[in-house]
Amino acid sequence: MIPVYLDYNASGLVRPEVLKATTETLADNGNPSAVHAAGRRQRARIESARAEIAALVGADPQSIVFSSGGTESNGQAMTSAVRSGFDRLIISATEHPCVAEAAAMSGCEVVVIPVDGQGIVSLAALEAALQAGGKAFVAIHHANNESGVIQPVQEIAALVRAHDGWLHIDAVQSAGKIPVNMAELGCDTLTLSAHKLGGPQGTGALVAGPRATVHKIIFGSGQERGMRAGTENGPGLAGFGAAAAASRAELEAGRDHSAWRDAAAERLKGHGAVVAGDGVARLPNTLFVAMPGWPSMAQLMALDLDGVMVSAGSACSAGKAKPSTAMVAMGLADLATSTIRVSGGWGTTEADWIRFADVWEAALRKHRARHPEAETA
């Protein structure tokens, strides 16, 4: 039995080119702040990675501040806005926990914008919140980490700019899966994470536009142009750069995943499953589906025992008996504990999606045999 990995939204499998770049850098791991030859080689690798990552999102390489990942970069964007005088934080109801919790701990007024039944942010509610006064920092994810639903960022940006706000986009899930161009999106800051692209865990980036003033949140020396102290993770960043380059080259091919996903989804829907965000634009690799009467963890375990790896939603809530945040926000609370997230990536094939559907259907038959009442739940 060959295992099938379909949990790329949690963490992508490491790409071969990433492994090569990371291990080569580890073998010649000078301090990038040193002036000797080993230090200069390490600095060159980091700046090459910075250029590749900037190219992925259409940004100036000098606008990038490296970090330990999306959580840190989201926090740095929010803290920078607060220190710059933005006193109202506006976030969507389906934001990642690192954004929602940072906002709650900020000491500022926090406004949570609802989403509709498909997971799309209410533009009317956003405009009303912006009109309420104050300097607003608006944090919206480009694509939801659970459902894959893509937000109308350009329309959101127009509203935020009209009220002189700061728009921060969490592009951790979207970058490398769909085109992401910072100028076209119209955001002021944007967050990336290497391991969602098939890069190493523990590396990320904050990309800042000309309207944003970035403040450091980790103090010490003057690395990253004084905006993040601490010796840069050279091996990790070399891998991040390799992942960004590979993801950019494969963007068009990634569209194929939607057909494979949709074919699997139709099979599941034939048994009564409900697909979240089925009527709007979603990431091509992501299927967020609920089966009434079949708990998420029971589905996960049944699939895992047959070699298919998926998740119950956000990886940050894995192993916890918590309902899906996205499902609750979309008004589907009754399905929030029977949902699984299936997400492909660079190493996924059509056969993997077929295998997932085969195993899921077989497991459902066993579940219904043990629990006849579940068929009519």
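Residues numbered from 1 in each chain as written. Predicted model: local features only at pLDDT ≥ 70, side-chain atom pairs only at ≥ 80, totals over all residues. Heavy atoms only, no water.

### A short note on the overall build of the protein
Right, so step 1: From N to C terminus, the protein includes 12 helices and 12 strands.
Right, so step 2: Taken over the C-alpha trace, the protein has a radius of gyration of 21 Å; the compact-globule value for 377 residues is 21 Å, and the two agree within 12%.
Right, so step 3: When its C-alpha atoms are laid out on the principal axes, the protein stretches across 70 × 55 × 35 Å.
Right, so step 4: The 377 residues of the protein split such that 54% are buried.
Right, so step 5: Nonlocal contacts in the protein, meaning residues at least 24 apart in sequence, comprise 70% of its contacts between residues at least 6 apart.
Right, so step 6: Distance from the positive charge centre (31 side chains) to the negative charge centre (37 side chains) of the protein: 5 Å. (Helix = DSSP H or I, 4+ residues; strand = E, 2+ residues; numbered from the N terminus. Rg over C-alpha atoms; globule rule 2.2 N^0.38 Å. Buried < 20%, exposed > 50% of the residue type's maximum accessible area, 1.4 Å probe, protein only. Contact = heavy atoms within 4.5 Å. Lys, Arg positive; Asp, Glu negative; His and termini not counted. Charge placed at Lys NZ, Arg CZ, Asp CG, Glu CD.)

### Let's talk about the packing of helix α3 (residues 70-83) against helix α4 (residues 97-104)
Right, so step 1: At a minimum axis separation of 9 Å, α3 and α4 run at an interaxial angle of 35 degrees. For α3 against α4, the interelement crossing comes out right-handed. Listed contacts from α4 to Thr 71, Asn 74 and Met 78 of α3 are Cys 98, Val 99, Ala 102 and Ala 103.
Right, so step 2: A per-class count over the contact of α3 with α4 returns five nonpolar, two polar and no charged. (Axes fitted to C-alpha atoms, helices over the stretch in contact; angles between N-to-C directions. Left-handed = near helix turned anticlockwise from the far one by under 90°. Nonpolar A, V, L, I, M, F, W, Y, C, P; charged D, E, K, R; others polar.)

### Here's the deal with the sheet that holds strand β9 (residues 274-275)
Sheet strands associate in pairs through backbone hydrogen bonding, adopting either a parallel or an antiparallel arrangement.
Right, so step 1: Taking strand neighbours across the sheet as the criterion, the three strands line up as β9-β10-β12 in an open arrangement whose pairing is antiparallel. Two strands bound the open sheet, and with one partner strand each, they are β9 and β12 (339-343).
Right, so step 2: Of the pairings in the sheet, the one linking strand β10 (residues 286-290) to β12 comprises five bridges and is antiparallel in character. The residue of β12 that forms the bridge with Thr 286 is Ser 343. (Pairing = 2+ DSSP bridges.)

### Here's the deal with the sheet that holds strand β2 (residues 64-67)
Right, so step 1: On the basis of which strands lie adjacent, the open sheet formed by seven strands has the order β2-β8-β7-β6-β5-β3-β4 and mixed pairing. The two strands at the open ends of the sheet, each matched to only one other strand, are β2 and β4 (109-113). The average undirected angle you get between the axes of adjacent strands in this sheet is 20 degrees.
Right, so step 2: Contacting β2 and β7 (189-193), helix α2 (residues 37-56) runs over the sheet at an angle of about 115 degrees to β2.

### Comments concerning the environment of Gln 76
Right, so step 1: Tracing the chain through its elements places Gln 76 in helix α3.
Right, so step 2: When the C-alpha positions of Gln 76 and Val 214 are compared, they lie 7.6 Å apart, and in sequence the two are 138 residues distant.
Right, so step 3: Residues within four places of Gln 76 in sequence aside, it is in contact with Val 65, Leu 206, Val 214, His 215, Lys 216, Ile 217 and Met 227.

### Brief notes about the pattern of salt bridges
Right, so step 1: With the rule as written, the count across this model stands at 23 salt bridges.
Right, so step 2: A salt bridge links Arg 211 to Asp 188; the nearest nitrogen and oxygen atoms lie 2.6 Å apart. Taken together, the residues span a long stretch of sequence, with Arg 211 in the loop between β8 (204-208) and α8 (234-249) and Asp 188 in the loop between α7 (182-185) and β7 at a distance of 23 residues.
Right, so step 3: Looking at Arg 211, the relative accessible area reads 36%, which means it is partly exposed.
Right, so step 4: Given a relative accessible area of 2%, Asp 188 falls into the buried group.
Right, so step 5: Where Asp 278 meets Arg 282, a salt bridge forms, and the shortest distance between an N and an O atom there is 3.6 Å.
Right, so step 6: A relative accessible area of 37% means that Asp 278 is categorised as partly exposed.
Right, so step 7: The buried category is assigned to Arg 282, whose relative accessible area is 12%.
Right, so step 8: Overlapping salt bridges, with partners in common, bring together Arg 261, Asp 262, Glu 266, Lys 269, Asp 278 and Arg 282 in one network. (Salt bridge = Lys/Arg side-chain N within 4 Å of Asp/Glu carboxyl O.)

### Details of α4
Right, so step 1: Within α4, burial applies to Cys 98, Val 99 and Ala 103. For α4, the buried positions fall inside an angular range of 125 degrees around the axis, keeping them on one side. The outward face of α4, more than 90 degrees from its buried face, is lined by the exposed residues Glu 101 and Ala 104.
Right, so step 2: Considering only its buried residues, α4 is in contact with α3, β3 (88-92), β4 and β5 (136-141). (Arc of directions from axis to C-beta.)

### Some points on the environment of Ala 55
Right, so step 1: With respect to the secondary-structure elements, Ala 55 resides in helix α2.
Right, so step 2: Judged by its relative accessible area of 33%, Ala 55 falls in the partly exposed class.
Right, so step 3: Remark: the alpha-carbon pair of Ala 55 and Ser 311, spanning 256 residues in sequence, is separated by 31 Å.

### Re the pairing of β5
Right, so step 1: Of all six residues making up β5, six are buried, and the element is well covered by its neighbours.
Right, so step 2: Of the two faces of β5, both are covered, the one formed by Ala 136, Val 138 and Ile 140 as well as the one formed by Phe 137, Ala 139 and His 141.
Right, so step 3: Relative to β5, β3 runs parallel, the two sharing four bridges. What sits directly across from Ile 90, in β5, is Val 138.
Right, so step 4: Crossover β5 to strand β6 (residues 166-170) through helix α6 (residues 153-162) is right-handed. (Right-handed = clockwise from strand over helix to strand, strands pointing away.)

### Concerning unusual backbone geometry
Right, so step 1: Although it is not a glycine, Asp 164 sits at a positive phi angle of roughly 55 degrees.
Right, so step 2: Looking at where Asp 164 falls in the secondary structure, it is placed in the loop between α6 and β6.
Right, so step 3: Classification of Asp 164 by relative accessible area gives exposed; the value is 51%.
Right, so step 4: Non-glycine residue Arg 225 carries a positive phi angle of around 55 degrees.

Keep in mind these values describe shape, not function.
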